[in-house]
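# Breakdown of the fold
If you want the building blocks of each chain, they are given just below.
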Amino acid sequence: MKQGVFITFEGNDGAGKTTACLGVKDKLEQMGYSVIYTREPGGSKIAESIREILLDVNNTAMDGRTEALLYAASRRQHLVDIVLPALEKKQIVLCDRFLDSSLAYQGHARGIGMEEVYKINEFAIHNCMPIKTFFYSVSMETGQKRMNIRGDKNRLDLEQNDFHKKVREGYEMLIKTYPERIHVIDAEPSKEEVIEETLYQVLKVIKEYE
Ligand code: TYD
């Protein structure tokens, strides 16, 4: 690769982006690419400690702005520990959630406002934006079903349906605002089909940097 390639994966809880992301990572490795899979919040030691606070089901009293700041702090640490070094080594970085999650969840669904949340994240990411973002689109029903199969719900998963609808609304606003960067993938079909489609789209992105 001529340079590192930073790609992010987004979607509502239960959309299946993690499965797609991991499936594509395996396939890219089989093709000989140097690729890492990582996730937010967390992904490195300090960032994982922040993740524990964020997703602890006992932290029901957490203020929305505190939540936004903690996600941004975790993002910063993860960027410095994992993403930037990998990009420096010209690797392909597949990151499960990034800035758009904060804009959709904290900015829109929590009602803080996307611009406000963008501001603190600008400070956190310091110009490091993904080249491409894939958004996994499923109906609310499919999302719920997949979340139930997974079991083991975190603090955000336990939010009511209205919250998850707002998250979806937030993502739709982002898709309209960044049509060049955000590519929507229909995640209703089978796992295998979604992985194949993602691989096809990821390869299109990578080709430009080979
Ligand atoms: P996780 O178990 O990793 O969920 P998923 O597999 O769906 O990514 O939990 C991450 C949760 O944190 C998820 O509900 C989305 C939420 N989140 C935010 O609210 N803001 C953010 O900036 C990020 C990165 C995640």
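The paragraphs below set out a description of the structure included in this document. As the structure is a prediction and not an experimental result, all values here were calculated from the model.

Basis of the calculations
Residues numbered from 1 in each chain as written. Predicted model: local features only at pLDDT ≥ 70, side-chain atom pairs only at ≥ 80, totals over all residues. Heavy atoms only, no water. Phe/Tyr/Trp six-rings, centres within 6.5 Å; stacked < 30°, edge-to-face > 60°. Helix = DSSP H or I, 4+ residues; strand = E, 2+ residues; numbered from the N terminus. Buried < 20%, exposed > 50% of the residue type's maximum accessible area, 1.4 Å probe, protein only. Lys NZ or Arg CZ within 6 Å of the ring centre and 35° of its normal.

## Some details on the packing of aromatic side chains
The geometry of an aromatic ring pair is captured by two quantities: the separation of the ring centres and the angle between the planes. Under the counting rule described, the total for this entry stands at six aromatic pairs. Relative to tyrosine 136, the ring of phenylalanine 9 has its centre 6.2 Å away and its plane inclined at 20°; by these criteria the two rings are stacked. With a gap of 127 residues between them, phenylalanine 9 in strand E1 (residues 5-11) and tyrosine 136 in strand E4 (residues 132-137) connect regions that are remote in the sequence. Each member of the pair, phenylalanine 9 as well as tyrosine 136, is classed as buried. Relative to tyrosine 171, the ring of tyrosine 105 lies with its centre 6.4 Å away and its plane at 85°, an arrangement referred to as edge-to-face. Of the two residues, tyrosine 105 sits in helix H4 (residues 99-109) while tyrosine 171 sits in helix H7 (residues 161-177), which places them 66 residues apart along the sequence. Using a relative accessible area of 5% as the deciding quantity, one classes tyrosine 105 as buried. Taking the relative accessible area as the measure of exposure, tyrosine 171 reaches 2% and is therefore buried. An aromatic cluster is built from Tyr105, Phe135, Phe163 and Tyr171, whose rings are joined through pairwise contacts. If you follow arginine 75 out to its NZ or CZ, it ends over the ring of phenylalanine 98, 5.5 Å from the centre. We note arginine 181 situated over the ring of tyrosine 178; from NZ or CZ to the ring centre the distance is 4.8 Å.

So, to be careful, I would describe these as geometric facts and stop short of saying anything about function.
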